[in-house]
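# Structural overview
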Amino acid sequence: MEKEEKDKWLLAGKIGKEARELGISMCKPGTLVLDIAEAIEKIIRESGAKPSFPPNISINQIAAHYTPKFEDKTELKEGDVVKIDVGASVDGYLSDTAATAVVGGAEIPLVTSVKSALDSVMKIIKPGLAVLELSSVIEDTIRKAGFSPIVNLGGHGVGRYSLHEGEFIANSRNYSDSYLRKEGVVAVEPFATTGGGYVVDSSEVQILSFLGRKNVRSQLGREILGFIEGEYHELPFAKRWIIQKFGRLADTELKGLVATGALNEFNVLKEKDNGIVAQFEHSFLFDEGKVTVTTL
Ligand code: CO
């Protein structure tokens, strides 16, 4: 890998880690989730990067894909289990990393189990490894602690301007059939829950991504779509960001753009049995046979 490319992956990882730690440090009773998201976005931008995707701040039975809505008033409460999943983009070279905080309290066994699962992954991960090896250690660590891995969420390959590509790194051996790439970046993200271990779409959507150019009738809709393509490429973005820039009317335009197939929606993901969910994630760079955890 060229040095310049490698340096960008590493820098994206370092900024992602700082953003994750800032988010975790803000998980206190009474804090607005919107303030946490905006602080994360600010530290990423001030470091000269852009968010890889909107900060996901997912509480309790929400597993992923929640980012605060425009003027969101949600406050963290004592005991909330909060997943902070963030990443930075340096010229399209991405990081993706997550951690879980318990608001106002000590770590709980559910959280410890996922942290241990990721620690075990870090001990054995290497380029070209059978994903089954990782899936097994994740599943076993979580089940031994008395919880369920979430089987339909998992890690993934990462490319330039491409957050999910190539191998799927399942959290359960039954879903595992690929091999890790030899060169490049992968993100591994174990999830555990007190429920059965399966997430479903809720009806709420706060995150979207660009799919393709379409004929759009409204002037504002065309303007918004052009902005999205130029600014985010195919990376996910927050509805909130568009409303901030284009005003409240943008909400309706976004719905129209989804209907024409220009945009893709990411529904907020909820554990099917309303189990509490915990998650940890690191990004790993493989280069000339060596492994670097870019978000450590
Ligand atoms: Co990820």
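## As for the domain arrangement of the protein chain
For the protein chain, the assigned domains read domain 1 (3-201 + 270-293) and domain 2 (202-268). Computed from C-alpha atoms alone, the centre-to-centre distance between domain 1 and domain 2 is 25 Å. Taking both sides of the interface into account, the surface hidden between domain 1 and domain 2 amounts to around 2000 Å²; carbon and sulfur atoms contribute 62%. By the criterion of area lost to domain 2, the three top residues of domain 1 are His65, Phe70 and Tyr161, representing 32% of everything that side buries. Our enumeration of links across domain 1 and domain 2 arrives at 3 salt bridges. Across the salt bridge formed by Arg240 and Glu41, the nearest N and O atoms sit 3.0 Å from each other. At the boundary of domain 1 with domain 2, the tally comes to 7 residue pairs in polar contact (both at pLDDT 80 or more). Sorting elements by how many residues they give to the side of domain 1 that touches domain 2 places helix α2 (residues 33-46) first, with 4 residues. Residue classes in the side of domain 1 that touches domain 2 are distributed as 15 nonpolar, 6 polar and 7 charged.

## Overview of the nonpolar core
When a protein is soluble and globular, its nonpolar side chains tend to lie buried together. Within the largest apolar cluster, 24 residues are counted, with the highest numbers of intra-cluster contacts made by Val121, Ile125, Leu134, Leu180, Val188 and Phe284. Only β7 (97-102), α3 (109-124), α4 (131-144), β11 (184-188) and β17 (282-287) provide two or more residues apiece to this core. With 6 residues, the single largest contributor to this core is α3. When sequence neighbours within four positions are dropped, the list of residues in contact with Leu180 reads Ile125, Lys126, Gly128, Leu129, Val131, Leu134, Glu167, Ile169, Val186 and Phe286. Cys27, Ile40, Val82 and Val90 belong to the second-largest nonpolar core, a separate cluster that totals 20 residues.

## Section: the coordination of the cobalt ion
As a benchmark, a tetrahedral metal site with four donors has ideal angles of 109.5 degrees, while an octahedral site with six donors has ideal angles of 90 or 180 degrees. With distances of 2.0 to 2.2 Å, the protein atoms coordinating the cobalt ion are Asp96 (OD), His156 (NE2), Glu189 (OE) and Glu281 (OE). Between the 4 donor atoms coordinating the cobalt ion, the angles at the centre fall across 84 to 174°, so the site counts as irregular. Site description for the cobalt ion: donor spacing in sequence, D-x59-H-x32-E-x91-E. Of this pair, His156 sits in strand β9 (residues 154-159) while Glu189 is found in the loop between β11 and β12 (191-193), placing the two residues 33 residues apart along the sequence. Comparing His156 with Glu189 shows no difference in burial state: the two are buried.

## Digging into unusual backbone geometry
Look at Asn60: it is not a glycine, yet its phi comes out positive at around 55°. Take Asn60: it is sitting in the loop between β2 (56-59) and β3 (62-64). Despite not being glycine, Asn274 has its phi angle at roughly 60°, a positive value. With respect to the secondary-structure elements, Asn274 resides in the loop between β15 (263-271) and β16 (277-279). By relative accessible area, Asn274 is classed as partly exposed at 43%.

Reading the values: rules and limits
Residues numbered from 1 in each chain as written. Predicted model: local features only at pLDDT ≥ 70, side-chain atom pairs only at ≥ 80, totals over all residues. Heavy atoms only, no water. Domains from an automatic or database assignment. Buried area = accessible area lost by both parts, 1.4 Å probe. Salt bridge = Lys/Arg side-chain N within 4 Å of Asp/Glu carboxyl O. Polar contact = N/O pair within 3.5 Å; in protein donor to acceptor, adjacent residues only side chain to side chain. Helix = DSSP H or I, 4+ residues; strand = E, 2+ residues; numbered from the N terminus. Nonpolar A, V, L, I, M, F, W, Y, C, P; charged D, E, K, R; others polar. Core = buried A, V, L, I, M, F, W, Y, C linked by side-chain atoms within 4.5 Å. Buried < 20%, exposed > 50% of the residue type's maximum accessible area, 1.4 Å probe, protein only. Contact = heavy atoms within 4.5 Å. Donors = N, O, S within 2.8 Å, 3.2 Å for Na, K, Ca; no water. Tetrahedral: all angles 85-135°; square planar, octahedral: opposite > 155°, others 65-115°.

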